[in-house]
Amino acid sequence: MVEPLTRHQPFKGLYLAYILASTVFVRVPLWSITYLPRHNRPSPTWSLLRCIIVAAYREVMTKLAVQARLKTSHDPPKSDDELKDAKFVCLEGLTEDADVFCGEVRAAAGVTGVHPAKVAAYWILKPGVSIPADMKAKPGEIVVMHIHGGAFHLGSAHPDSATSNLSRGLVEHSSKLERVLAVDYRLSAAPPDNPVNSFPAAVLDCLAAYQYLIKDLGFEAKNITVAGDSAGGNIVFALVRHLVENTIPALPPPGRLLSCSAWLDLSQSYNTPESSLRRNRKNDILGMGPEYPRAAYLGPLDIEEARTNRYLSPVSPHFEGTEGLFRGFPRTYISAGGLETILDDSTRVAEKLKADGVDVILDVEPNSVHDYTVFAWHEPERTEAFKRFAKWLDE
């Protein structure tokens, strides 16, 4: 596949200039006219400005991310002095013979050629709190490990990234949580880019971070919440599934799971007229189809894996005998926006968790888009959601 000219200078610069000019002088005026009548808005509670912002994400930003490969990752800091209320850490990662590198994750790695690697991560700290210099857990301390979104091929755990807003929101609103470990897992890519880091690279990186919390820092598994948004939610469910299905005495499953707008069916098989994929197509921020991120994450795995692999698509309708699929999962909080295209993934996983006896909360904010808690402009819904998350974490 030939890489498009829009990814190379000077064509990339010209393309971006064209998109910017056409958006400011053509798209924004048209959106303003379209959404001026309140009955035309995705929600009557939305302001005209929010309607334009969401349309810009859907029609411009998400498409540019693939077509022009806008840089969303960040280079590691030279020192922590560059960071505010945060610390950088580089983890050694798993070894090839680690007990945790087992089961279906190891089998998939054998097919895709993925190996453990060093892992970058960031501590997001509550301002003003005292953290031990060696970062060891305080007695009884709770902690969150956050796995960011970005369709497997975008995003960063860097504190300056928009995705870190979820980590910062948790430490800001919780009375007990003092820090979050945000994992900068390896991002995937597919042609026309150089294919790298397919499944289970991200899962291996997050397992290494989880092992770091327990083995190196002494956190108790019951006091760890693993949190993931969007594609990060997919990785979180795979990580927990691996720990539940494989008995690893030194690494028991975490005490809680927080899922925000998780993408849990890579095949997107529930694409019927009444599905959220169709119903919310013109309401949400997501403007690109699943083809590129799915190809990037699958790598050499057969496309059938997107339909039938429980580590990739745990709510796919193509499983047979799904009873017990989530048995043994920890207490789970499912958050989603009522106007997002993959809302059905969240509602279906909540149903399956409940059917398998898991203590689960389903929290659908009716007037919100995909991954709304990472967007500072999505107020007051965003702050209200963090208050609910904090109450659940602090119990």
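Notes on the structure follow.

What counts as what
- Residues numbered from 1 in each chain as written.
- Predicted model: local features only at pLDDT ≥ 70, side-chain atom pairs only at ≥ 80, totals over all residues.
- Heavy atoms only, no water.
- Buried < 20%, exposed > 50% of the residue type's maximum accessible area, 1.4 Å probe, protein only.
- Helix = DSSP H or I, 4+ residues; strand = E, 2+ residues; numbered from the N terminus.
- Pairing = 2+ DSSP bridges.
- Right-handed = clockwise from strand over helix to strand, strands pointing away.
- Salt bridge = Lys/Arg side-chain N within 4 Å of Asp/Glu carboxyl O.
- Disulfide = S-S within 2.5 Å.
- 1 Å grid on protein atoms, 1.4 Å probe; cavity = no way out; pocket = protein on both sides within 12 Å on 5 of 7 lines; lining within 4 Å.
- Points joined across faces, edges and corners; volume = space filled by probe spheres on them.
- Nonpolar A, V, L, I, M, F, W, Y, C, P; charged D, E, K, R; others polar.

**A few points about the pairing of strand β6 (residues 256-260)**
Okay, so step 1: Burial analysis of β6 places 5 of its 5 residues in the buried class, the great majority of the element.
Okay, so step 2: Residues Arg-256, Leu-258 and Cys-260 point to one face of β6 and Leu-257 and Ser-259 to the other, with burial holding for every one of them.
Okay, so step 3: As paired strands, strand β5 (residues 224-229) and β6 are joined by 5 bridges and run parallel to one another. In the strand pairing of β6, Ala-227 is matched with Leu-258.
Okay, so step 4: Crossover handedness for the path β5 to helix α6 (residues 231-245) to β6: right-handed.

**Comments concerning the pattern of salt bridges**
Okay, so step 1: Taken as a whole and judged by the stated rule, the model has 16 salt bridges.
Okay, so step 2: In this structure, the salt-bridge partner of Arg-186 is Asp-205, at a minimum N-O distance of 3.0 Å. Within this pair, whereas Arg-186 is found in the loop between β4 (179-184) and α5 (201-216), its partner Asp-205 is found in helix α5, the two being separated by 19 residues in sequence. The pair Arg-186 / Asp-205 is uniform in exposure class, with both members buried.
Okay, so step 3: In this structure, Arg-382 and Glu-379 form a salt bridge, with 3.5 Å as the shortest nitrogen-oxygen distance.

**Describing the state of the cysteines**
Okay, so step 1: As enumerated under the stated definition, the model contains 0 disulfides in all.
Okay, so step 2: No disulfide involves Cys-90; its nearest neighbouring cysteine sulfur is the one of Cys-206, lying 15 Å away.
Okay, so step 3: A relative accessible area of 0% places Cys-206 in the buried class.

**Digging into the layout of surface pockets**
Okay, so step 1: Put simply, the largest pocket is a space of about 1100 Å³.
Okay, so step 2: Lining the largest pocket are 42 residues, with Thr-62, Ala-151, Leu-154, Ile-285 and Leu-286 positioned closest to its centre.
Okay, so step 3: When residues of the lining of the largest pocket are traced back to their parent elements, those giving at least two are α2 (48-67) and α7 (276-279).
Okay, so step 4: Among the elements that make up the lining of the largest pocket, the one with the highest residue count is α2 (7 residues).
Okay, so step 5: Among the residues forming the lining of the largest pocket, the class breakdown is 18 nonpolar, 16 polar and 8 charged.

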